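Results of the structural survey
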Amino acid sequence: MSTPTPPETPPVRLVVVDDDPLVRAGLALMLGGADGILLVGEGADGTEVGALVDRVHPDVVLMDIRMPGMDGLAATEALRSRPGAPEVVVLTTFHADEQVLRAIRAGAAGFVLKDTPPAQIVEAVRRVAAGEPVLSPAVTRRLMARAAGDPADDGRARRDRARHRFAELGEREQDVAAAVGRGSSNAEIAAALHLSVATVKTHVSRILARLNLNNRVQIALLVHDAELLHEDEDGGPGTVR
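A brief look at the structure comes next. (Residues numbered from 1 in each chain as written. Predicted model: local features only at pLDDT ≥ 70, side-chain atom pairs only at ≥ 80, totals over all residues. Heavy atoms only, no water.)

This next bit is on helix α2 (residues 49-56). Within the span of α2, buried status applies to V49, L52, V53 and V56. Seen end-on, α2 carries its buried residues on one side only, within an arc spanning 100°. Against the buried residues of α2 lie β1 (12-17), β2 (37-43), β3 (60-64) and α3 (72-80). Positive backbone phi, approximately 50°, marks H57, located one or two places after α2. (Buried < 20%, exposed > 50% of the residue type's maximum accessible area, 1.4 Å probe, protein only. Helix = DSSP H or I, 4+ residues; strand = E, 2+ residues; numbered from the N terminus. Arc of directions from axis to C-beta. Contact = heavy atoms within 4.5 Å.)

Further remarks concern the pattern of salt bridges. Enumeration over the complete set of coordinates arrives at 6 salt bridges. Linking E42 and R24 is a salt bridge whose minimum nitrogen-to-oxygen distance equals 3.6 Å. One end of the pair, E42, is in strand β2; the other, R24, is in helix α1 (residues 21-32), and 18 residues separate them in sequence. Its relative accessible area of 16% is what places R24 among the buried residues. Of the charged contacts, one joins D175 and R172 as a salt bridge, the two residues approaching to 3.3 Å between their closest N and O atoms. With a gap of 3 residues between them, D175 and R172 both fall in helix α8 (residues 171-181), about one helical turn apart. Given a relative accessible area of 29%, D175 falls into the partly exposed group. (Salt bridge = Lys/Arg side-chain N within 4 Å of Asp/Glu carboxyl O.)

To characterise two packed helices, one gives the angle between the axes of the helices and the distance between these axes. Viewed as axis vectors pointing N to C, α1 and helix α5 (residues 118-129) meet at an angle of 70°, and their least axial separation amounts to 10 Å. Looking at the two axes, α1 sits roughly perpendicular to α5. Where α1 abuts α5, its residues L27, M30 and L31 lie against P118, I121, V122 and V125. Classifying every residue of the contact of α1 with α5 by side-chain character gives 7 nonpolar, no polar and no charged. (Axes fitted to C-alpha atoms, helices over the stretch in contact; angles between N-to-C directions. Parallel < 35°, antiparallel > 145°, perpendicular 65-115°, else oblique. Nonpolar A, V, L, I, M, F, W, Y, C, P; charged D, E, K, R; others polar.)

This next bit is on the side chain of D18. Tracing the sequence through the fold places D18 in the loop between β1 and α1. For D18, the side chain forms a polar contact with the main-chain nitrogen of D20, separated by 2.8 Å. Beyond its immediate stretch of four places on either side in the chain, D18 contacts V23, R24, G43, A44, D64, M67, L91 and K114. (Polar contact = N/O pair within 3.5 Å; in protein donor to acceptor, adjacent residues only side chain to side chain.)

Written as structure tokens, this is what we have:
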């Protein structure tokens, strides 16, 4: 009796939004030919995103931040507020600042720089489609430091709000959330907490649902807003206080 052939994984449906036609053409050429990725649409302005998504139903939107009309930040906020929204990867020419932070707070799964090597952009799209953020721990820590120093919000009030939300989690969920805040992968969390990777994934899913968050990066933001981590003597991420 022959073994049934496992079904093929469907390709990641991708939309690219950038106002520069040359950049858009380059991304389309690079990403459209990548294994496991299907380019299903292109947009030149944030105002086009909603209708485009409704028409082609992408899994991931690669979104430029700076565009005329509606910029990528406003478009990300509008898109991620909708039920069943695709994941968003912010495309930018600069590193972590308040605009990237705003995009992540709005629900973007991360960001890539426009000068990132093509293979890494392809990998970022695949990872986001699989539910993983595309922020390295080092970049995450820079973003958290910027969030902690945001003058637009009172630090103590932000901390108190975040701690109140964190307290809604069970003890093990708090352990997992704190590890996510340190930038740990599921495998690293599983090893540290003596859990299976599948159990860690279940905890992460429950944390997202319980706190109405979009992704792991927003869990990390919550942990850092709550000021529940401290730095060890070597400058690396510490433990929950």
